[in-house]
Amino acid sequence: MLSFEEIKSSLEHAGQSHVLQFWSELSGDDKNTFLVELSQLDLNELREHCERAAESAKADHSATAADQQIEPVSSEFIGSIRKSDHTALTGWENEGFLQISQNRVAVLLLAGGQGTRLGVSYPKGMYNVGLPSSKTLYQIQAERICKIQELANAKHGSKCTVPWYIMTSEFTLDPTKKFFQENKYFGLDPSDVVMFEQRMIPAVTFDGKVILQDKGKIAMAPDGNGGLYRALVDNKVLENMEERGVEYLHVYCVDNILVKMADPIFIGFCVSKGADCGAKVVEKAYPAEPVGVVCKVKGVYQVVEYSELRPETAEQRDPGGELVYSAGNICNHFFTRPFLNEVAQKFQGQLKQHVALKKVPFVDREGNLVKPTKPNGIKMEKFVFDVFQFSRKFVAFEVLREEEFSPLKNADGAPLDTPTTARQSLLAQHYRWAMAAGASFLDAQGKSLPPRPRVTRDEDPPAVCEISPLVSFFGEGLEQLLGQKVLTTPFLLDENRAKELLQAQ
Ligand SMILES: CC(=O)N[C@H]1[C@@H](OP(=O)(O)OP(=O)(O)OC[C@H]2O[C@@H](n3ccc(=O)[nH]c3=O)[C@H](O)[C@@H]2O)O[C@H](CO)[C@@H](O)[C@@H]1O
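Small disclaimer: the values here were computed from a predicted structure and weren't measured.

### A short note on the packing of aromatic side chains
Centre-to-centre distance and the angle between the planes together describe a pair of aromatic rings.
Alright, step 1. Within the structure shown, the criterion is met by 22 aromatic pairs.
Alright, step 2. When the centroid spacing of 6.4 Å and the interplanar angle of 80 degrees are considered together, the rings of Phe-266 and Phe-334 count as edge-to-face. Separated by 68 residues along the polypeptide, Phe-266 in helix α10 (residues 264–272) and Phe-334 in strand β15 (residues 327–336) bring together distant segments of the chain.
Alright, step 3. What makes Phe-334 buried here is its relative accessible area of 0%.

See the structure below:
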């Protein structure tokens, strides 16, 4: 820890001496805590950080430079579930399973965000969207890892591990750790779940002053999901991957209830194409949908975030009426470990800083706590996809929205991306799987429920059917369990039920 004198002089040098203006009013304990916090700041970079934030705040963010030189990714660069034949899909899946069975694949969860829009104070992964099983997002994800290992083992006679790297932040590390411990890591080996923390950076006023959220506390925020690359170095995560022999990473965000972790088709596609970097996309649903678009800017692949795309660009359509910028980013990325290594060592300092103007509670000169009603602060964030520009071989892979993308962003009451829509998407998918396996359903009174062949992701299926990921990951293996079965809604197919069904045969 640095001494008070050292910190004072560094703050003066950075033009931030106001940070200590209430020092004499703090208790001994509070002084100590504050010194610890200030010692952890990168004081050498503080001046530059504050100046850059103030500069960025002055710039016009409604239409960014990126948007001006944008072009769509041409369709031949996008692999597609919809447009590929059975042979191609099976080939990629086999390749993916082979890599998984050889312990060369890991998943990496970005879970350092604060879930502000959802309005919960705990990590989003701990959210229960109200499924019959009451499973949280973390549990669903953990069980998918168990299952994918089991499937790869069964295919290749191996005993493989898919390590789970989880990037957290100061806001999410402790509750996430505790939640995993309390739930015995949902059946995974704790040594295969590696949690690490991203850095926090100070929020800054429009004139470049660090914001005090209390007399002895700076307002800090995580440095964006692109903080991943620095966090990988800080926490020696790449070394851990190398020791385990991991070569391929599937990086994903916490809130997509349909996420196919370590998806063998996606992994296999990227590996077969010799890609070092890849992104899964879905066709954008409507021009203003809050998803980034995978595109090219100045000839280089990148994602232009929804907040940085002008409405007139988002609305452009081709002669056939399709959106020109339709490759919606679902925050599912593929990276090779050597690529991550290179980015972490050489390029992470060059990543673009994105500016978010936020309402940041602060103490005024008189020491009163103020909750601003309009934005008063700047938070700088790096984005995980901003490394695409450094890729030597980038690929995009289009998947089906109703099978793979239903994010939980907003609280119930909002029209989209809520706990209700997440639950509906999963239950609609499981209903489709059960019907495809040959099941039929009765209501609670024993009356037959007419089958509905097409259940979309935003409607309640006629019957409630939830299938544990421990029983089926992709809908595989269900004919044997559910074929010709008449099931009563609500129906929960967990491991015990699956055993009973097998024994009854
Ligand atoms: C920057 C980014 O990736 N944007 C994507 C993100 O947008 P969106 O704006 O929804 O991004 P979020 O803020 O939800 O963050 C995405 C993920 O990053 C994590 N996180 C966020 C901030 C942070 O400092 N640390 C951290 O780990 C979150 O916990 C979450 O798992 O998902 C959308 C799909 O759902 C995509 O269309 C967007 O292009």
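### Focus: the sheet that holds strand β24 (residues 486–488)
Alright, step 1. Read across the open sheet, the 3 strands follow the order β22-β21-β24; overall the sheet is mixed. The open sheet has two edge strands, β22 (448–449) and β24, and neither has a second partner.

### Side note on the sheet that holds strand β16 (residues 354–358)
Alright, step 1. A sheet is described by the order of its strands in space; here 3 strands give the open sequence β7-β19-β16, paired in antiparallel fashion. Only two strands of the sheet have a single neighbouring strand rather than two, namely β7 (204–205) and β16.
Alright, step 2. When β16 meets strand β19 (residues 377–381), the two strands line up antiparallel, connected through 5 bridges. Across the sheet, Ala-356 pairs through a bridge with Lys-379, a residue of β19.
Alright, step 3. On top of the sheet, helix α3 (residues 43–58) reaches β7, β16 and β19; it is set at about 110 degrees to β19, its chief contact.

### Quick look at the state of the cysteines
Alright, step 1. Across all of its chains, the model carries 0 disulfides by this definition.
Alright, step 2. Between Cys-160, a free cysteine, and Cys-146, which holds the nearest cysteine sulfur, the sulfur-to-sulfur gap is 11 Å.

### Focus on the pairing of strand β12 (residues 277–283)
Side chains on a regular strand alternate between the two faces of the sheet.
Alright, step 1. With 6 of its 7 residues buried, β12 lies for the most part within the structure.
Alright, step 2. For β12 and β15, the ladder comprises 6 bridges, and the chain directions are antiparallel. Paired with Ala-279 across the strands is His-333, a residue of β15.

About the criteria used
- Residues numbered from 1 in each chain as written.
- Predicted model: local features only at pLDDT ≥ 70, side-chain atom pairs only at ≥ 80, totals over all residues.
- Heavy atoms only, no water.
- Phe/Tyr/Trp six-rings, centres within 6.5 Å; stacked < 30°, edge-to-face > 60°.
- Helix = DSSP H or I, 4+ residues; strand = E, 2+ residues; numbered from the N terminus.
- Buried < 20%, exposed > 50% of the residue type's maximum accessible area, 1.4 Å probe, protein only.
- Pairing = 2+ DSSP bridges.
- Contact = heavy atoms within 4.5 Å.
- Axes fitted to C-alpha atoms, helices over the stretch in contact; angles between N-to-C directions.
- Disulfide = S-S within 2.5 Å.

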